[in-house]
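# Structure at a glance
Chain residues, written in single-letter form:
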Amino acid sequence: MVERKMLTGHTPEILRRKLEDFIARLAKKFGDMKGKIDVSIRPEVSFADIGDLARAKQEIAGLVFALKSPDLHKKWGAQPPNGVLLYGPPGTGKTLLAMALAREAEAVFFHVRVTNVVTKWYADSFDVLQEVFTQVKECGRCILFLDEIDDFIFDRAAPEEMRHASRRLVNSVAEQLDDIGRSGDILAVASTNRPDAVDSTLIRPGRLDQLIEVPLPETDGKREIIQIHMAKAEAMAGRKLFNQLDLDPILARTVKMNSADLAEIVQKSLEEKVRQEGSGAQPGLVTTDDMQRAIEDYRKTKEIIEKIRYGQYL
Ligand SMILES: Nc1ncnc2c1ncn2[C@@H]1O[C@H](COP(=O)(O)OP(=O)(O)O)[C@@H](O)[C@H]1O
Ligand SMILES: [Mg+2]
């Protein structure tokens, strides 16, 4: 924290107030910022909360190092990283990685949910982003996380006027990324699950030029992720919640599931216990069978969600 004070000239308390004021100011001008822009001085997610993804975590660790020890790059005449694009299927941990990066690097975390910023009030999105960029430059070490960056661009089917506006938006973001790339203490990180839909302007050298893949977990990765979520629930409850589980038959039923699905299944198995106890029973610890049932229930719900999403109920 001493370091932070040196970087920004602010104590953590003053920084916190400054950031709260910033969000309040945005809300006053553009409406509620919930689900659109969040700022946090110390995100809750750390590397220990993220399972699998050894390679991605290794690259993120390198970024932590670069942010915390900028002098080392200088000493070796090496370019510090400019910007990063995390790409991979939904629910694989891209947002978690960005948060953990901020936490480990002791950097302020600006979370911009591009989807919500751009669609809700398109007319204002340009101005909102300008304000965010200005603020980012006043906060010392920070991560600017542009979550789901493919949503900056409207597809060819969109009306001309909208496409024009989105072009203008992307160009201004690109300019800002150039600026940020040159600064040593701000790192822009973006995420996408549709790398094919990201505007190529944004990934030019000096912008989001380091690409990190965040793939779906395989069996061993899934095992680790389930265990992380079980341990998290037990830590929260302050007691043992799961029997000795046989994870192999459980994992066999998680084909095509992503990490977010696995977290959800652990939750579902616990919600069932809550329901049982709520209706007067005295349920025991979660067993392998309980977990299997949670998976089947979850699979059914997911199928319905997908049918609704893809319009098969129309
Ligand atoms: N690698 C992972 N390890 C542990 N939990 C994960 C992992 N990836 C995703 N999750 C779970 O899924 C949720 C959504 O993950 P998120 O990082 O938002 O996915 P993405 O941004 O890739 O769509 C997380 O809050 C967490 O519960
Ligand atoms: Mg995400």
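Report on the accompanying structure. Source: prediction; values computed, not measured. Residue positions within a chain follow its written sequence, with the count starting from 1. Note on labels: chains are lettered from A, ligands numbered from 1, in written order. Residues qualify for local features only when their pLDDT is at least 70, as the model is predicted, and side-chain atom pairs are given and counted only at 80 or more; totals for whole chains, interfaces and linings, by contrast, use all residues.

### Focus on the overall build of the protein chain
How we decide: Only runs of H or I of at least four residues qualify as helices and only runs of E of at least two qualify as strands under DSSP, and these elements are numbered from the N terminus. Here the radius of gyration uses the C-alpha set of atoms, whereas the globule reference equals 2.2 Å times the residue count to the power 0.38. Field definition: a residue is buried when 20 or more other C-beta atoms are found within 10 Å of its C-beta, exposed when 12 or fewer are, and partly exposed for counts in between, with C-beta atoms placed from the backbone. Residues are treated as contacting if the C-beta atoms built from their backbones sit within 7 Å of each other.
Helix and strand counts for the protein chain stand at 12 helices and six strands. Its C-alpha radius of gyration of 22 Å places the protein chain within 12% of the 20 Å reference for a compact globule of 314 residues. For the protein chain, the spread of C-alpha atoms along the three principal axes comes to 60 × 50 × 40 Å. Across the 314 residues of the protein chain, 34% fall into the buried class. Contacts in the protein chain between residues far apart in sequence, at least 24 positions, make up 80% of those at least 6 positions apart.

### Comments concerning the sheet that holds strand β5 (residues 186-192)
The following threshold applies: Two strands qualify as a pair provided DSSP detects at least 2 bridges between them. Only the stretch in contact is used when a helix axis is fitted, and all axes are lines through C-alpha atoms; the angle between N-to-C directions ranges over 0 to 180 degrees.
The strand order across the open sheet formed by six strands is β1-β3-β4-β5-β2-β6, and the pairing between neighbours is mixed. Two strands bound the open sheet, and with one partner strand each, they are β1 (37-40) and β6 (210-213). The average undirected angle you get between the axes of adjacent strands in this sheet is 20°. Relative to β5, strand β2 (residues 83-87) is paired through five bridges, and the arrangement is parallel.

### Focus: the nonpolar core
Convention followed: A set of buried residues drawn from Ala, Val, Leu, Ile, Met, Phe, Trp, Tyr and Cys, joined through C-beta atoms within 7 Å, is what defines a nonpolar core.
Counting 60 residues, the largest nonpolar core has L97, L101, F110, I143, L144 and V189 as the members making the most contacts within it. Per-element accounting of this core gives the leading share, seven residues, to helix α5 (residues 94-104). Setting aside residues up to four positions removed in sequence, L101 forms contacts with I60, L63, V64, I143 and V189. Among the nonpolar cores identified, the runner-up in size contains 15 residues, and M230, M257, V266 and V286 belong to it.

### A short note on the site of ligand 1
Keep this limit in mind: The C-beta atom of each residue is placed using the backbone, and any residue whose C-beta lies within 6 Å of a molecule or strand is treated as near it. As a working rule, the residues Ala, Val, Leu, Ile, Met, Phe, Trp, Tyr, Cys and Pro are called nonpolar, Asp, Glu, Lys and Arg charged, and the rest polar, with Gly in that last group. Boundaries of every domain are those given by an automatic assignment or by a domain database.
Taken together, the neighbourhood of ligand 1 is formed by 17 residues, with G93, K94, T95, S259 and A260 sitting nearest. Every element with two or more residues in the shell around ligand 1 is listed here: α5, α9 (219-237) and α11 (259-278). Taken together, the residues of the shell around ligand 1 break down into eight nonpolar, seven polar and two charged. Counting only domains with at least three residues in the shell around ligand 1, you end up with domain 1 (2-213) and domain 2 (219-309).

### Quick look at helix α2 (residues 12-30)
Worth spelling out the cut-off: Helix span is expected to be 1.5 Å times the residue number reduced by one. Here the arc refers to the set of directions running from the helix axis out to each C-beta atom.
With 19 residues, α2 extends 27 Å between its outermost C-alpha atoms, agreeing within 8% with the 27 Å of an ideal straight helix rising 1.5 Å per residue. Where α2 is concerned, the buried positions are L15, L19, F22 and L26. With its buried residues spanning 50° around the axis, α2 presents them on a single face. Across from the buried face of α2, at angles greater than 90 degrees, the exposed residues are E13, I14, R17, E20, D21, A24 and K28. Of the residues flanking the end of α2, it is G31, one or two places downstream, whose phi is positive at about 100°.

### What about the packing of α9 against α11?
The relative placement of two packed helices comes down to the angle between their axes together with the axis-to-axis distance. What counts, and what does not: For classification purposes, an angle smaller than 35 degrees is called roughly parallel, one larger than 145 roughly antiparallel, one from 65 to 115 roughly perpendicular, and anything else oblique. Handedness of each helix crossing follows the sense of rotation of the near helix against the far helix: counterclockwise by less than a right angle gives left-handed, clockwise gives right-handed.
In the contact formed by α9 and α11, the axes pass within 9 Å of each other and the chain directions differ by 40°. As judged from the angle between their axes, α9 and α11 are oblique. Relative to α11, the crossing made by α9 is right-handed. Facing α9, whose interface residues are K222, I225, I226, H229, M230 and A233, α11 presents S259, L262, A263, V266 and L270. Residue composition of the contact of α9 with α11, by class: eight nonpolar, two polar and one charged.

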